[in-house]
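Overview (structure and organization)
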2 protein chains.
Amino acid sequence: MFVLNMRHKDMITPNTTSLIYNIIRQNGEINRMGITELSGVSKSTISLQINKLIKLGLIEEKIPTDASQRKLKLRICEHIGAVAGVFLGITKLTMAIYTLDMSVIAEKEYPFDSINDPVETNGIIIEQLKLLCREHQIKTLWGIGIGFPFPVNFREGKPDSPPNVPLWHGYPLKDIYEKEFGCPVLVDNDVNVMALGEGFRGCTVNESDFLFIKAGTGIGSGLIVDGDIYRGANGCAGDIGHIAVDGSSAQCHCGNTGCLEAVAGGKALAEKAKQLAESGKSPYLKAIMDTGVELTAAHISEGAIHADFACIQLIKHAGKAIGEVAAKLVNFFNPSSLVIGGGLTGFGNIFIGAIREAVISRSPHLATYDLNVRMSELEGKAGPIGAGTLILEYIFSSGQFSTTIDRNIEESTGA
Amino acid sequence: MFVLNMRHKDMITPNTTSLIYNIIRQNGEINRMGITELSGVSKSTISLQINKLIKLGLIEEKIPTDASQRKLKLRICEHIGAVAGVFLGITKLTMAIYTLDMSVIAEKEYPFDSINDPVETNGIIIEQLKLLCREHQIKTLWGIGIGFPFPVNFREGKPDSPPNVPLWHGYPLKDIYEKEFGCPVLVDNDVNVMALGEGFRGCTVNESDFLFIKAGTGIGSGLIVDGDIYRGANGCAGDIGHIAVDGSSAQCHCGNTGCLEAVAGGKALAEKAKQLAESGKSPYLKAIMDTGVELTAAHISEGAIHADFACIQLIKHAGKAIGEVAAKLVNFFNPSSLVIGGGLTGFGNIFIGAIREAVISRSPHLATYDLNVRMSELEGKAGPIGAGTLILEYIFSSGQFSTTIDRNIEESTGA
């Protein structure tokens, strides 16, 4: 006995209105011919739907500015509706408000000393987001996407056993934000959100299957399959920080040894930097430590720029470890691109080069001959952009479109 | 600028007729209420489509046999149409002819001494399949699915750099079979086909995301994502035979060292069996070798049954190596099940247990707490069943349905 929804979700009746709207929303300005080509829907249906969308105030016709533009183009109305993309890091909150086609209305950063207490932290996030809305005359948000720096049960919208901030476990994030803002809210882990941002606005816009690795304090990955985040059976797909690195016995906080995060994560590298300073193997790091400053991954990066041999070796070693694990994932998953994001990309080309070298030397030709190994193009923006994209794709999905319109638009009565 | 087909393929206009037909085809007997629930299509549309399908002779109403069955059930007409599932191994051809709901019409095996020459081998396969059709009065096949034991460029239907049978490279399999049989033909590698068979007819029927590992002469895997084979950017997803095993320096035929296949593949194990026999560490294997028989993986299995310690250790060691690589894939891909198929499953529970143990000890709790690590339920049948399923799902897909009907059914003129 087969479960149809599983095998044939592509066959479920689509919402033609949402289909046409999303084509216009995602393609910028487009004419009716283009919509016909992309949708496969008849011209008469498209005309009907376009009139409906214009009447709703969701799209508008762009008047041609000169004679060469003979065909009227359609575009979404910029000033109707807004969503927020919120991204929390360990030390910093980044948020932005976007139009429905992801133009930036407002952006803001807010530093955190500690995010240990969910009540306090989320109180501040909510306050800051409301303030940002007020400052920019945004009365209502159509939706909010949020990325948090720990595992999240996506369906329930709650953190799931966050390793360093135990008070957050099970904290009902989605419910709290939905109540506060009266709009749909989606909550996901940071790396999924960043991968989505990269896929919709970064260096992998035209790629449907790629792998995004976030190398920062911790190490995680996001898999994009067929243009969407792949979450796996328990929502923990991409959790690569605890994959074993060949030949390493580094002790990890998880209890196992040799975990990628314990070898090449930012925290582990800062610890190694300290050892290199103490042993005098790195004169550059020693000089910094002697001033009383606590060493971080950023100092290793500076050391490399100052041609400190030990720093360069440390970066190469971290890149090699990540690359060797990534090689296994590339063999298995065969992505079109491997995108590296997160704080350690500050190490620059030495780091990316070491990753690329390890991936290519440990993979069969077919899996790598046109594989792109590259740095995220969005840098610090991947988070809020991905969070905004997450909620936009949701509220305009086939199943949610009507609800979104009913909630936010008062249809003109002169039907 | 976004490519719509990539991001929103679930929104493309569906073929309602194919949707309704597939619900009946995949669910066995089902009443109209059930179809309404699964399809989300209105009752009136369903009635219209059902009448159309009955008229075409594709489905029929089952007359209730007693009063308790008040609702008429629909089922597909068994005696209309047939497809073939063909599966070539290194030493054996297995094929079957199925009805459109995958009941077996005929099955056949054919032994091969060598499959080195594609012209000769495919000549025999074609001859045998035609013979089987004739024996069972099958005049035309609606489609043929074929699994071959090497990498296949799925889109082109040609082998792609097959490692041990170089003459097959680029041999136009799909074209040759389509010309011979005048029906659509899909050609894929063995493990993708087996994974699909397991998902549609085996132990993972209700699972949409699982991992199938074939452990035989070589080692490969098939990823099922959202109920379908995931092929990756270059069609080589799942190629895990050359992932490095921690701490191994075994020389692989690919040029690298420590590849999983070189450590735990059937060929490597037979070589190790020889060493254990020669050194006298395995009395059981030595006794067999002394009779002049060439040792294979099957002898290791027999040795284990006879409590030969070296054989048991060898099986455990192979299972551990596969499990350690699988642990990395489980961390990354978070499947609901890990299914082990292929010849080495003859090693039985010692083997599966060693894999399970390695996977669980090297994965975070969340990725494994409800992970099923189990043996394929279909054994030797996974291949032809998967090949049959591959072509059935294709010919009745939304985009192919009308073509399939036009090609095979003469519509009654009394419209």
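Only a predicted model underlies this, so the values are computations on that prediction, with no experimental measurement involved.

Right, let's get into empty space enclosed by the protein. The rolling of a water-molecule-sized probe over the atoms marks out the regions of remaining empty space. Considering all chains together, one arrives at one cavity of 30 Å³ or more under this definition. A volume near 50 Å³ is recorded for the largest cavity. Taken together, A:Asp246, A:Glu324, A:Ala327, A:Lys328, A:Arg362, B:Ile243 and B:Ala244 form the lining of the largest cavity.

On to the pattern of salt bridges. Inspection of every chain in the model, using the stated rule, returns 34 salt bridges over all chains. When the shortest N-O distance is used, the salt bridge between A:Lys328 and B:Asp246 registers 3.9 Å. With A:Lys328 in helix α12 (residues 309-333) and B:Asp246 in the loop between β12 (228-230) and α8 (260-264), this pair bridges two chains. The partner of B:Glu29 in a salt bridge is B:Lys62, and the shortest N-O contact between them spans 3.0 Å. Of the two residues, B:Glu29 sits in the loop between α2 (16-27) and α3 (32-39) while B:Lys62 sits in strand β1 (residues 59-62), which places them 33 residues apart along the sequence. A relative accessible area of 32% means that B:Glu29 is categorised as partly exposed. What emerges from the salt-bridge pattern is a single network uniting A:Glu29, A:Glu60, A:Lys62 and A:Arg75.

The next point concerns the sheet that holds strand β9 (residues 185-189) of chain B. All names here are of chain B. Here we have five strands laid out as an open sheet, ordered β5-β4-β3-β6-β9, and mixed in their pairing. Each edge of the open sheet is held by one strand with a lone partner, namely β5 (104-111) and β9. Here the strands of the sheet are splayed against their neighbours by 15° on average, with no regard to which way each runs. Against the sheet, helix α6 (residues 173-181) contacts β6 (143-148) and β9, and its axis sits at roughly 145° relative to β9.

What follows is about the interface of chain A and chain B. Listed per partner, the contact involves 75 residues of chain A and 75 residues of chain B. Across the contact surface, chain A and chain B share two salt bridges. Our count for the contact surface shared by chain A and chain B stands at 24 residue pairs in polar contact (both at pLDDT 80 or more). Sorting elements by how many residues they give to the side of chain A that touches chain B places helix α2 (residues 16-27) of chain A first, with six residues. Tallied by class, the residues present in the side of chain A that touches chain B amount to 33 nonpolar, 27 polar and 15 charged.

Once that is clear, we can look at helix α11 (residues 297-305) of chain B. Residues and elements named next belong to chain B. For α11, the complete set of buried residues consists of Ala297, His299, Ile300, Ser301, Gly303 and Ala304. Here the buried face of α11 lies against α9 (266-278), α10 (283-290), α12 (309-333) and α13 (349-361). Trailing α11 by a residue or two, Ala307 shows a phi angle of about 60°, which is positive.

Below, the discussion takes up the sheet that holds strand β11 (residues 219-225) of chain B. All names here are of chain B. Taking strand neighbours across the sheet as the criterion, the five strands line up as β12-β11-β10-β13-β14 in an open arrangement whose pairing is mixed. Either end of the sheet is taken by a strand with one partner, and the two such strands are β12 and β14 (372-375). Along the sheet, successive strands turn relative to each other by an average axial angle of 25°, direction set aside. Looking at chain direction, strand β10 (residues 210-215) and strand β13 (residues 337-341) are connected through four bridges and run parallel. If you follow Phe212 over to β13, its bridge partner there is Val339.

Residues and elements named next belong to chain A. Where helix α7 (residues 190-201) meets helix α15 (residues 382-395), the closest approach of the two axes is 7 Å, and the angle between their N-to-C directions is 80°. The angle between α7 and α15 falls in the class roughly perpendicular. Together, Val193, Met194, Leu196, Gly197, Glu198, Phe200 and Arg201 of α7 and Ala382, Gly383, Ile385, Gly386, Ala387, Thr389, Leu390 and Glu393 of α15 make up the contact between the two elements. Of the residues belonging to the contact of α7 with α15, the class tally is eight nonpolar, four polar and three charged.

Here the focus is the confidence of the model for chain A. Residues and elements named next belong to chain A. For chain A, per-residue confidence averages 89 on the pLDDT scale, and 94% of positions sit at 70 or higher. With pLDDT under 50 throughout, residues 1-13 is counted as low confidence; its partners more than four residues away or in other chains account for 45 contacts. For this predicted complex, the interface confidence reaches an ipTM of 0.82, while the overall pTM sits at 0.87.

Between the two copies, chain A and chain B, the superposition gives an RMSD of 0.0 Å; the rotation angle is 180° and the shift along the axis is 0.0 Å. Each copy turns onto its partner about a two-fold axis.

Core analysis: the largest hydrophobic core is formed by 99 residues, its most contacted members being A:Phe351 and B:Phe351. Not counting the four nearest positions on each side in its chain, A:Phe351 is found in contact with A:Ala215, A:Ile315, A:Ala318, A:Gly319, A:Ile322, A:Ile340, A:Leu344 and A:Thr345.

A few words on the packing of helix α9 (residues 266-278) of chain A against helix α10 (residues 283-290) of chain A. Residue and element names in this part refer to chain A. Here α9 crosses α10 at 95°, and the two axes come no closer than 7 Å. For the element pair α9 / α10, the angle class is roughly perpendicular. Contacts between α9 and α10 pair Ala273, Lys274, Leu276, Ala277 and Glu278 from the former with Leu285, Lys286 and Met289 from the latter. Residue classes in the contact of α9 with α10 are distributed as five nonpolar, no polar and three charged.

What follows covers the packing of aromatic side chains. Scanning all chains against the criterion turns up 27 aromatic pairs over all chains. An angle of 80° between the planes, with centres 5.4 Å apart, marks the rings of A:Phe347 and A:Phe351 as edge-to-face. You can call A:Phe347 buried: its relative accessible area is 7%. Clustering of aromatic rings is evident, with ring pairs tying together A:Tyr230, A:Phe332, A:Phe333, B:Tyr230, B:Phe332 and B:Phe333.

Our next topic: the layout of surface pockets. All names here are of chain B. In this structure, the second largest pocket occupies an estimated 260 Å³ of space. Forming the boundary of the second largest pocket are Glu78, His79, Ile80, Gly81, Ala82, Thr99, Ser103, Ile105, Ile138, Lys139, Thr140 and Trp142. Looking at the lining of the second largest pocket residue by residue, the class counts come to five nonpolar, five polar and two charged.

Rules behind the numbers
- Residues numbered from 1 in each chain as written.
- Chains lettered and ligands numbered in written order.
- Predicted model: local features only at pLDDT ≥ 70, side-chain atom pairs only at ≥ 80, totals over all residues.
- Heavy atoms only, no water.
- 1 Å grid on protein atoms, 1.4 Å probe; cavity = no way out; pocket = protein on both sides within 12 Å on 5 of 7 lines; lining within 4 Å.
- Points joined across faces, edges and corners; volume = space filled by probe spheres on them.
- Salt bridge = Lys/Arg side-chain N within 4 Å of Asp/Glu carboxyl O.
- Helix = DSSP H or I, 4+ residues; strand = E, 2+ residues; numbered from the N terminus.
- Buried < 20%, exposed > 50% of the residue type's maximum accessible area, 1.4 Å probe, protein only.
- Pairing = 2+ DSSP bridges.
- Axes fitted to C-alpha atoms, helices over the stretch in contact; angles between N-to-C directions.
- Contact = heavy atoms within 4.5 Å.
- Polar contact = N/O pair within 3.5 Å; in protein donor to acceptor, adjacent residues only side chain to side chain.
- Nonpolar A, V, L, I, M, F, W, Y, C, P; charged D, E, K, R; others polar.
- Parallel < 35°, antiparallel > 145°, perpendicular 65-115°, else oblique.
- pLDDT = per-residue confidence, 0-100.
- Least-squares fit on C-alpha atoms with pLDDT ≥ 70 in both.
- Core = buried A, V, L, I, M, F, W, Y, C linked by side-chain atoms within 4.5 Å.
- Phe/Tyr/Trp six-rings, centres within 6.5 Å; stacked < 30°, edge-to-face > 60°.

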